[in-house]
Structures are given as C-alpha cells and as structure tokens.
Amino acid sequence: MMPLPARLKIVEVGPRDGLQNEPEPIATDVKLAFIARLAESGLSQIEATSFVHPKAIPQLADAVEVARRLPAAGGVTYSALVPNQKGLDRAIEAGMRRIAVFTAASDSFAKKNINMTVDESLATFAPVVAAALERGITVRGYVSTCFVCPFEGDVSKQRVREVALRLFDMGIDEVAISDTIGAASPRDVFETVGCVLEQSPREKIALHFHDTYGTALANVLAGLQLGVTTFDSSAGGLGGCPYAPGASGNLATEDLVYMLDRMGIHTGVDLGKVFEASSLIAQTLRRQLPGRQWRKLSAEAGDADPTR
Ligand code: HMG
Ligand code: MG
C-alpha cells in the first residue's frame, strides 16, 4: 500500500461554486444557515461567496451581506472570489480576511469567464494581490481548465505549470489546479499535477475536481499518490460554472469524507453534519443532489426525505 498522509485539508466550496450556477434565487438567510451548518461540521476552510459582477453571477449578488454576517465559528477561515480591484474593494468593505483570484490555463475560457486573456488576468491580479497582502488579507489562486478546456480541448501541462508559478510569484499561498468541466482522468492528474509539482511546493497545491464523468474520487487518489494534501469539494455535489458548457457539480464533500475516513485519513469533518447542511439546500431547491452519499443518506431518511 502506498504511504498515505495522516490528515488532509478540505476546502468547502459549496456556498460559492455550489450555489453560483443555481438559477432560482436562494435567500441570504438560507445561505448563511447553510454556511453555519458547514462550519459546525468541522470544515476549517469555507469559500463563502464571490465578489464578481452581479450580472455575471446573479445568485451571489448578496456577497457583501453574506460576508458581513458570516457565523463567527472558531477555527474556520472563510474566503471569497475576487476577479479585480473592484472585487477587492467590495471584499475589504465586507471584512473578508481571505480572497481567491481566478484565472485559467486556456485563453478562450478566461475570456468567456472573466473577459480577460490569461496574461491580462495575471496583469490585473498583480496589484490586487499586492494590495490584499499589504492589508494582511491572504490570497488563494485558481487555475481553471488545467486538463481540458470546453473550447480548446486538451490543455498543455507546461502552460498549467507556468500559470501556477506566475501566481506563486505574486505571493499567493495556495494554487488550486482545477478541472473545470470534470473531464480529467487519474492519468491526466499524474501528468499535469506531476509537472506542476516539479517546480511548485506540494503543500501549496490544492486540487479542485468537478465530477461530470464520475472520475473525481479516482483523481483524488491520484493526487494523494502525488503527495497533495488539500482538496476542494462541495456539499452534496452541488456546483458548476455557467461559463463552462458541460460542467457539472464539484466532487461531493460527503463522498470525499467517506473515502478518506475509510482510508484512515483524518479530516476532522463530520459527514452526517455535512449532509444536514446540503439537505437544507436540497429542501430549498426541492430536488435531489448528485452526491452518492447524499443520495444514500437521503433514501435512508425515508419519510424524512429532505426534498419533501
Ligand atoms: P467586465 O465587464 O470586463 O468588467 O467584466 P469591467 O472591468 O469592464 O467593468 C464593467 C462594469 O462592471 C463597471 O461598472 C464595473 O464597475 C463593474 P460600470 O462602470 O459600467 O457601472 N464591475 C464590477 N462590479 C461588481 N463587482 C466586480 C466588478 N468588476 C467590474 N468585481 C468581470 C469582468 C471579471 C467583472 C466579469 O466578467 C465577472 O464578474 N466574471 C465572473 C465570472 C464568474 O464568477 N465565474 C464563475 C467563477 S469561476 C469558477 O467557477 C471556476 C472555479 O470554480 C475553478 C474551476 O472549477 O475551474 C474557480
Ligand atoms: Mg469550480
């Protein structure tokens, strides 16, 4: 058996990536109750919202209010997406202490998503990241389309490595190598993430998998074998990006926690409590969620089916 880490970090992206694609407006109070339950489950990193243009992501137009009212759960770090200076201004106004900038490894996706090429986005981020760090706000970075771009197809691993390095050069403390449309296989992970790790510190790399083809957990295992110890996931498997055709939800947090628990890897996260959190969103949306553990637990709940 391969050597496994004793513990690892889960970054819960449900309140941001999970909700951003939902067309039906969800009340701010429901989002805050969702976040509070996630915080109670033992998750230590929660991406709470997004300071993007409200027309780009109408669901998260209440970002300032969400951020201002975040539950003061001890030991939880909240973050939010920021695409530019305007986003940083709003995040500062709302009291965020951690932000995440986001670019891609392919220009076509970056243009559609943030109306900038990759190079333009990096030029935009440099002063934003510097200003955040100066105020003691820590910064994560995402690289989208690291494996397959919905517009350009297969993406070069050298390009992914270069974009990650340019983010680290700005002083960003963690880069999330992201499979935006959930198309990667473990072999892609070994090749691309392996290439990134040749020049980037392992402990500063996170893996962000969507689960369109059901390969996300296999990809986590590949990441574990490469020594990565930070993984993103979303309660219930909610999620998707409206600018990435074909993208479905993130890897479900409950499924990730189940697998890691069985492998004896400590996460500090209570699966049942994450299920309670995602069930609140299922009730609100009145539909089943895609996560496997979510479906199993929801079927077991029988008459207490959270979508009824
Ligand atoms: P733009 O139109 O090029 O922006 O959009 P602009 O700088 O030209 O400004 C136009 C107007 O927008 C101005 O207002 C600005 O003030 C305003 P006006 O003067 O015309 O009245 N504006 C803003 N308002 C509020 N907040 C802001 C902001 N910035 C400008 N931050 C922009 C560029 C980046 C803003 C836009 O394209 C955008 O918001 N995109 C976000 C798209 C998005 O959120 N996508 C989903 C998240 S990424 C994702 O899901 C992938 C990830 O999960 C990893 C993975 O899976 O791959 C992270
Ligand atoms: Mg995502």
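Residues numbered from 1 in each chain as written. Chains lettered and ligands numbered in written order. Predicted model: local features only at pLDDT ≥ 70, side-chain atom pairs only at ≥ 80, totals over all residues. Heavy atoms only, no water.

(A) How the structure looks around the pairing of strand E5 (residues 138-144). Burial analysis of E5 places 6 of its 7 residues in the buried class, the great majority of the element. Of the pairings in the sheet, the one linking strand E4 (residues 98-104) to E5 comprises 7 bridges and is parallel in character. Residue pairing in the sheet places Ile 99 in a bridge with Val 139 of E5. Across 4 bridges, the pairing between E5 and strand E8 (residues 174-179) is parallel. What sits directly across from Gly 141, in E8, is Val 175. (Buried < 20%, exposed > 50% of the residue type's maximum accessible area, 1.4 Å probe, protein only. Helix = DSSP H or I, 4+ residues; strand = E, 2+ residues; numbered from the N terminus. Pairing = 2+ DSSP bridges.)

(B) Representation of the site of ligand 1 in the model. Near ligand 1, the surroundings consist of 27 residues, among which Gln 20, Asn 113, Asn 115, Ser 144 and Thr 180 are the closest. With respect to ligand 1, the side chain of Arg 90 contributes an N or O atom lying 3.0 Å from a nitrogen atom. Note that an oxygen atom of ligand 1 is positioned 3.0 Å from one of the side-chain N or O atoms of His 208. Alone, ligand 1 offers 1100 Å² of accessible surface; in the complex the protein occludes 71% of this. Contributions of two or more residues to the shell around ligand 1 are made by helix H1 (14-18), helix H4 (85-93), helix H5 (107-114) and E5. It is H4 that provides the largest number of residues to the shell around ligand 1, a total of 3 residues. Partitioning the shell around ligand 1 into residue classes produces 12 nonpolar, 11 polar and 4 charged. (Near = heavy atom within 4 Å. Polar contact = N/O pair within 3.5 Å; in protein donor to acceptor, adjacent residues only side chain to side chain. Areas by Shrake-Rupley, 256 points an atom, 1.4 Å probe, with all protein chains shown as cover. Nonpolar A, V, L, I, M, F, W, Y, C, P; charged D, E, K, R; others polar.)

(C) Quick look at helix H10 (residues 253-262). Of all 10 residues that make up H10, 7 are buried, and the element is covered over most of its length. Restricting attention to buried positions, one finds in H10 the residues Thr 253, Glu 254, Asp 255, Leu 256, Val 257, Met 259 and Leu 260. Tucked into the core, H10 has its buried residues touching strand E1 (9-12), helix H9 (216-225), strand E10 (230-233), helix H11 (271-285) and helix H12 (292-301). Positive backbone phi, at 75°, marks Gly 264, one or two positions downstream of H10. (Contact = heavy atoms within 4.5 Å.)

(D) Region of interest: the pairing of E10. On E10, burial covers both faces: Thr 230 and Asp 232 on one face and Phe 231 and Ser 233 on the other are all buried. Bridge count for E1 against E10 is 4 bridges, and the pairing is parallel. Looking at the pairing, Glu 12 lines up with Ser 233 of E10. By the bridge criterion, 3 bridges tie strand E9 (residues 205-209) to E10 in an arrangement that is parallel. Residue pairing for E10: His 208 is matched across the bridge by Asp 232. Running through H9, the crossover from E9 to the neighbouring parallel element E10 is right-handed. (Right-handed = clockwise from strand over helix to strand, strands pointing away.)

(E) Region of interest: the coordination of the magnesium ion (ligand 2). Looking at the magnesium ion (ligand 2), one finds its protein donor set to be Asp 17 (OD), His 208 (NE2) and His 210 (NE2), positioned 2.0 to 2.3 Å from the metal centre. We note that the donor set of the magnesium ion (ligand 2) lies within a single chain, spaced as D-x190-H-x1-H. Of the two residues, Asp 17 sits in helix H1 while His 210 sits in the loop between E9 and H9, which places them 193 residues apart along the sequence. Here the two residues Asp 17 and His 210 agree in accessibility, since each one is buried. (Donors = N, O, S within 2.8 Å, 3.2 Å for Na, K, Ca; no water.)

(F) View of the nonpolar core. Within the largest apolar cluster, 94 residues are counted, with the highest numbers of intra-cluster contacts made by Phe 51, Leu 167 and Ile 177. Examining the composition of this core, we find that 8 residues originate from one element, H11, more than from any other. Those residues in contact with Ile 177 that sit more than four places away from it in its chain are Val 143, Cys 146, Phe 147, Val 160, Ala 164, Val 193, Val 196, Ile 205, Ala 206, Leu 207 and His 208. The next biggest cluster of nonpolar side chains, apart from the first, holds 13 residues, and it includes Leu 60, Tyr 142, Ala 176 and Ala 206. (Core = buried A, V, L, I, M, F, W, Y, C linked by side-chain atoms within 4.5 Å.)

(G) Expanded view of a negative patch on the surface. On the surface, Glu 40, Asp 261, Asp 270 and Glu 276 cluster together into a negatively charged patch. Inspection of the secondary structure puts Asp 261 in helix H10. (Patch = residues over 30% accessible without salt bridge, like charges linked within 9 Å, V, L, I, M, F, W, Y side chains within 5 Å. Salt bridge = Lys/Arg side-chain N within 4 Å of Asp/Glu carboxyl O. Lys, Arg positive; Asp, Glu negative; His and termini not counted. Charge placed at Lys NZ, Arg CZ, Asp CG, Glu CD.)

(H) Structural view of the pattern of salt bridges. Following the criterion strictly, the structure yields 19 salt bridges and no others. Note that Arg 187 and Glu 191 form a salt bridge whose closest N and O atoms lie 3.4 Å from each other. Highlighted residues: Arg 187 and Glu 191, both in helix H8 (residues 186-197), separated by 4 residues, approximately one helical turn. You can call Glu 191 partly exposed: its relative accessible area is 37%. Among the charged side chains, a salt-bridge network with shared partners connects Lys 9, Arg 98, Arg 140, Asp 173, Glu 174 and Asp 232.

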